Amino acid sequence: AATVAFRGGHQAGIATPAQDRLCFATFDVSPTASRADLAELLTSWTEAAEAMTLGRPVPGDVGDLNTPPDDTGEAVGLTPGRLTVTVGYGPGLFDDRFGLAARRPSALKPLPQLPGENLDPANTGGDLCVQACADDPQVAFHAVRNLRRLGFGTVVPRWMELGFGRTSSTSPQQATPRNLMGFKDGTRNIDATDASLMGAHVWIGEEEPQRWARGGSYLVSRKIRMRLEQWDRDRLGDQQDVFGRFKSTGAPLTGKAETDTPDFAAKDGSSYVIPADSHIRLAAHENNNGLRILRRGYSYTDGIDPQTGDLLGGLFFVAFMKSPDRFVTLQRVLGAHDALNEYIQHIGSGVFAVPPGLAAGQDWGRQLF
Ligand code: HEM
């Protein structure tokens with residue numbers, strides 16, 4: 001089907017099988033905006049997001065010659081492309097400014113400094129985030145652009161990212177895509193169609209004192225640059241050791257098929273071992289007390305570095321989890337030990353509480369305030 005349901009127990013765009021394209025933006029609430037302005041904006045965002053998800057223009061007037069049209073128009077005639085619009089709230093939204101301190105989801109705070117990062121403020125943070133995913137990039141961009149338009153005077157855009165190739169499968173029905181390093185990505189991701197895994201690892205549950213946030217999740221974004229030129233000069237054997245998987249098939253180095261379970265106990269002397277500093281050994285739930293997250297990232301490119309002529313691109317990592325502590329725990333290990341670090345650098349970051357889905361008649365403004 002070309003449309004994804006907008007309302008439900010959880011927001012769409014998390015368990016939804018990953019669409020092909022992403023447009024992700026964050027916003028800061030303008031210094032002059034009031035609590036009422038913010039609530040009103042979130043209500044109008046709901047109405048607009050729901051309409052666009054159905055392939056309809058932003059509600060309002062498009063024919064009055066004396067006012068700007070309420071929809072910017074570039075999605076007219078395109079199919080909805082399984083558009084989902086997912087919103088999240090950054091730590092800054094819950095300071096005293098908007099009287100929301102008592103509503104703060106308990107695990108929402110800025111991420112601590114992590115090893116191996118060199119964050120650019122121009123790609124980091126935000127009071128609000130909007131993740132628009134669709135199979136058509138113009139549909140995804142149109143959604144963010146129109147929410148930005150409704151936000152004039154209330155929110156200021158902070159940064160935006162376009163993703164062009166999903167880097168994770170989130171359901172077994174999808175073939176595993178490849179990331180810009182040429183490796184299959186998402187093989188051992190959480191299967192988002194598995195409600196018990198999602199309940200255990202992704203959705204905020206009864207453990208959260210803020211009842212309103214239950215059924216939501218936390219979104220961690222990381223803009224991760226890949227040193228593609230260096231990577232492309234690395235020999236295949238080393239590339240495979242970096243991940244612990246075969247490049248062609250995606251199988252673990254201790255297996256034959258992509259979905260074979262990695263044998264982390266295999267020792268030197270077996271034909272292949274999964275190296276101690278390989279990405280999958282360090283990231284696997286078996287080696288992290290069962291810790292798992294739902295990855296839902298996309299490849300990105302910013303063109304060419306004018307100074308060096310190098311390609312600027314990598315992974316726009318997006319993951320959903322019950323608590324951002326999970327990301328912090330994993331990244332402390334990966335940032336310190338992962339063989340991949342020779343070829344990547346984390347240059348942007350965001351952490352957001354994602355509210356639960358909306359019931360009929362509800363909107364983001366009334367849900368939050
Ligand atoms: C697995 C690529 C960053 C968490 C994988 C796999 C690849 C990959 C190819 C193996 C296939 C799979 O099971 O999906 C990358 C690249 C990254 C990156 C290219 C950076 C540019 C991260 C980060 C995290 C992470 C920042 C979390 C902090 C995981 C996890 C697995 C995984 C949990 C599954 C491991 C397993 O259970 O076998 N990644 N990844 N990755 N990655 Fe990453």
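The rules behind these values
Residues numbered from 1 in each chain as written. Predicted model: local features only at pLDDT ≥ 70, side-chain atom pairs only at ≥ 80, totals over all residues. Helix = DSSP H or I, 4+ residues; strand = E, 2+ residues; numbered from the N terminus. Buried ≥ 20, exposed ≤ 12 C-beta atoms within 10 Å, placed from the backbone. Contact = placed C-beta atoms within 7 Å. Core = buried A, V, L, I, M, F, W, Y, C linked by C-beta atoms within 7 Å. UniProt positions renumbered as here; feature names shortened; annotations may be inferred. Near = placed C-beta within 6 Å. Expected span 1.5 Å × (residues − 1). Pairing = 2+ DSSP bridges.

A. Structural detail: the overall build of the protein chain. Secondary structure summary: the protein chain contains eight helices and 10 strands in total. Counting only C-alpha atoms and orienting by the principal axes, one finds that the protein chain spans roughly 75 × 45 × 40 Å. The burial tally for the protein chain puts 44% of its 369 residues in the buried class. Long-range pairs, those at least 24 residues apart, make up 74% of the contacts in the protein chain with a sequence separation of at least 6.

B. View of the nonpolar core. Core analysis: the biggest nonpolar cluster contains 87 residues, and A132, A140 and A143 have the highest contact counts within it. The contacts of A143, once residues within four sequence positions are left out, are C23, M52, L83, V85 and A132.

C. Highlighting unusual backbone geometry. Even without being glycine, R82 reaches a positive phi, approximately 55°. For R82, a count of 22 C-beta atoms within 10 Å gives the class buried. Even without being a glycine, N289 presents a positive backbone phi close to 50°. Relative to the assigned elements, N289 resides in the loop between α6 (279-283) and β7 (294-295). Classification of N289 by C-beta neighbours within 10 Å gives exposed; the count is 7.

D. Fine view of the UniProt feature "domain: Dyp-type peroxidase N-terminal" (unreviewed entry) in the protein chain. Here the UniProt feature "domain: Dyp-type peroxidase N-terminal" (unreviewed entry) sits at residues 11-164. Across residues 11-164 one finds 21% helix and 20% strand; the C-alpha atoms that close the span lie 22 Å apart.

E. Structural detail: the site of the ligand. Not every one of the 28 residues close to the ligand is listed here, only the nearest: T187, R188, A283, A284 and L330. Listing elements by their share of the shell around the ligand, those giving two or more residues are β6 (217-226), α6, β9 (311-321) and α7 (325-337). In terms of residue count, α7 provides more of the shell around the ligand than any other element does, four residues in total.

F. Molecular detail of helix α1 (residues 35-53). The end-to-end C-alpha distance of α1, which contains 19 residues, comes to 27 Å, matching closely the 27 Å that a straight helix rising 1.5 Å per residue would cover. Those residues of α1 that fall on the buried side of the exposure criterion are L38, L41, L42, W45, T46, A48, A49, M52 and T53. Lining the buried residues of α1 we find β1 (21-29), β2 (84-89), α2 (137-150), β4 (155-163) and α8 (364-368). One or two steps after α1, the chain reaches G55, where phi turns positive at roughly 85°.

G. Geometry of the pairing of β2. With six of six residues buried, β2 is to be regarded as a mostly interior element. Residues T84, T86 and G88 of β2 are buried on one face, and the alternating residues V85, V87 and Y89, pointing to the opposite face, are buried as well. Bridge count between β2 and strand β3 (residues 128-134): six bridges; the pairing is antiparallel. Directly across from G88, in β3, lies its bridge partner C129.

H. Expanded view of the environment of H142. Tracing the backbone shows H142 in helix α2. What makes H142 buried here is the crowd of 25 C-beta atoms within 10 Å. Separated by 95 residues in the primary sequence, H142 and E47 have C-alpha atoms spaced 15 Å apart. Discounting chain neighbours no more than four positions away, the residues touching H142 are T72, E74 and A75.

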